[in-house]
Amino acid sequence: MTPARQAIPKIFFLGSYNEGLTIRVPRMPALGESLPGDSFDMGPGGKGSNQAIAAARLGAQVSLLACVGDDIFADRALQLYAREGIAADKAHRLPGAHTGIGFVNVLPDGENWITVDLGANLLMTADHVRDCEALIRGSDIVMAQFEAPPAPVAEAMALGRAHGKLTICNPAPARPVDPAMFADVDILTPNATEARILLGLPPGDPSPTEALARRLLDSGAGTVIVTLGERGALIVSRDGATHIPALAIDAVDVTGAGDSFNAALAVFLGEGLSIEAAVRRAVVSGAYTATRLGVIDGLPTRAEYQRFAAATR
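Residues numbered from 1 in each chain as written. Predicted model: local features only at pLDDT ≥ 70, side-chain atom pairs only at ≥ 80, totals over all residues. Heavy atoms only, no water.

Right, let's get into the pairing of strand β8 (residues 141-145). With five of five residues buried, β8 lies mostly within the body of the structure. Residues I141, M143 and Q145 of β8 are buried on one face, and the alternating residues V142 and A144, pointing to the opposite face, are buried as well. (Buried < 20%, exposed > 50% of the residue type's maximum accessible area, 1.4 Å probe, protein only. Helix = DSSP H or I, 4+ residues; strand = E, 2+ residues; numbered from the N terminus.)

In structure tokens, the structure reads:
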């Protein structure tokens, strides 16, 4: 379904929070090597939080379910939500748990690799989601990602579908799953590697991406949008496939580009745009983020998005 056009879409995020520790490195290290880097940064992250913040900055009314620990990083998470105007009454501080941590290494061309200990994120349950049913009922869009366990993700999509909301699932970080969990997903948004992993294939499997997207459609998802990095995005539905090209940019840090894309997709769909139009705008938002160092600092406000979009036409 597509929400009716409105000025301020309401989006419920099944969230996650990871404190990100980022360092720029000149190259990938050899096994056992200590490789000097620079430009260290410590900042908030986690796919659910990144997407919630990005959507709020673009003008959506955002509510968030998240689980954090009882450490200093939890304090930073709750302060961040308050600062960004995100309704986080359902951000649970779990005694005895530690907040998620992500270690990000960024290469000179902006590419990166990330290792994550998801910590308290993995303690989220379907009961936490059911406790948010009133928030879901009052939203236009329900969005989930894979830094939470499968049960709450599936519950969020099922409740969204039950209440007639647009459901979006960004299956990252990807893992092989029971395809039945996509039956309540209106829009599934893997990147090309994640699409392969979801289907139990090696990340480098040579199968055409469109063919893999069609296999994901067969699992029950309504539309599959595969993000392709510097090649843009591919929209695959039962009616056909449409390629949306990327912008020509000098990438600095692509760490948060996917989250920026997904948030913008939700916001513009919530404002009533077609899927193709929303993806074109989401590509612009992802490109903006890739030209900035740091995830949160790279998520555009609506004004920043509009200036960047105008400058890159």
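So, about empty space enclosed by the protein. Counted by the stated rule, this structure contains one cavity of 30 Å³ or more. In this structure, the largest cavity encloses a volume near 30 Å³. Taken together, V177, P179, F182, L198, L199, L216 and S219 make up the lining of the largest cavity. (1 Å grid on protein atoms, 1.4 Å probe; cavity = no way out; pocket = protein on both sides within 12 Å on 5 of 7 lines; lining within 4 Å. Points joined across faces, edges and corners; volume = space filled by probe spheres on them.)

Following the sequence through the fold, A74 ends up in helix α2 (residues 72-84). For A74, a relative accessible area of 0% corresponds to the buried category. Taking the C-alpha atoms as reference, A74 lies 29 Å from E194; in sequence the two are 120 residues apart. Those residues in contact with A74 that sit more than four places away from it in its chain are V68, G69, R93 and T99. (Contact = heavy atoms within 4.5 Å.)

Attention now moves to the side chain of N18. Relative to the assigned elements, N18 resides in strand β2 (residues 18-24). Side-chain polar atoms of N18 contact the side chain of N121, separated by 2.9 Å. Sequence-distant contacts of N18, that is, excluding residues within four places in its chain, are made with G43, P44, G45, G46, G100, I101, G102, V116, D117, L118, N121 and E147. (Polar contact = N/O pair within 3.5 Å; in protein donor to acceptor, adjacent residues only side chain to side chain.)

This brings us to the pairing of β2. The buried count for β2 comes to six of seven residues, which makes it a mostly enclosed element. When β2 meets strand β3 (residues 38-45), the two strands line up antiparallel, connected through six bridges. Note that in β3 the partner of N18 across the bridge is G45. Looking at chain direction, β2 and strand β6 (residues 100-106) are connected through seven bridges and run parallel. Paired with E19 across the strands is I101, a residue of β6. (Pairing = 2+ DSSP bridges.)

Of the volumes computed, that of the second largest pocket is approximately 180 Å³. Elements with a contribution of two residues or more to the lining of the second largest pocket: α9 (275-290) and α10 (302-311). Among the elements that make up the lining of the second largest pocket, the one with the highest residue count is α10 (four residues). For the lining of the second largest pocket, the class distribution of residues is five nonpolar, two polar and four charged. (Nonpolar A, V, L, I, M, F, W, Y, C, P; charged D, E, K, R; others polar.)

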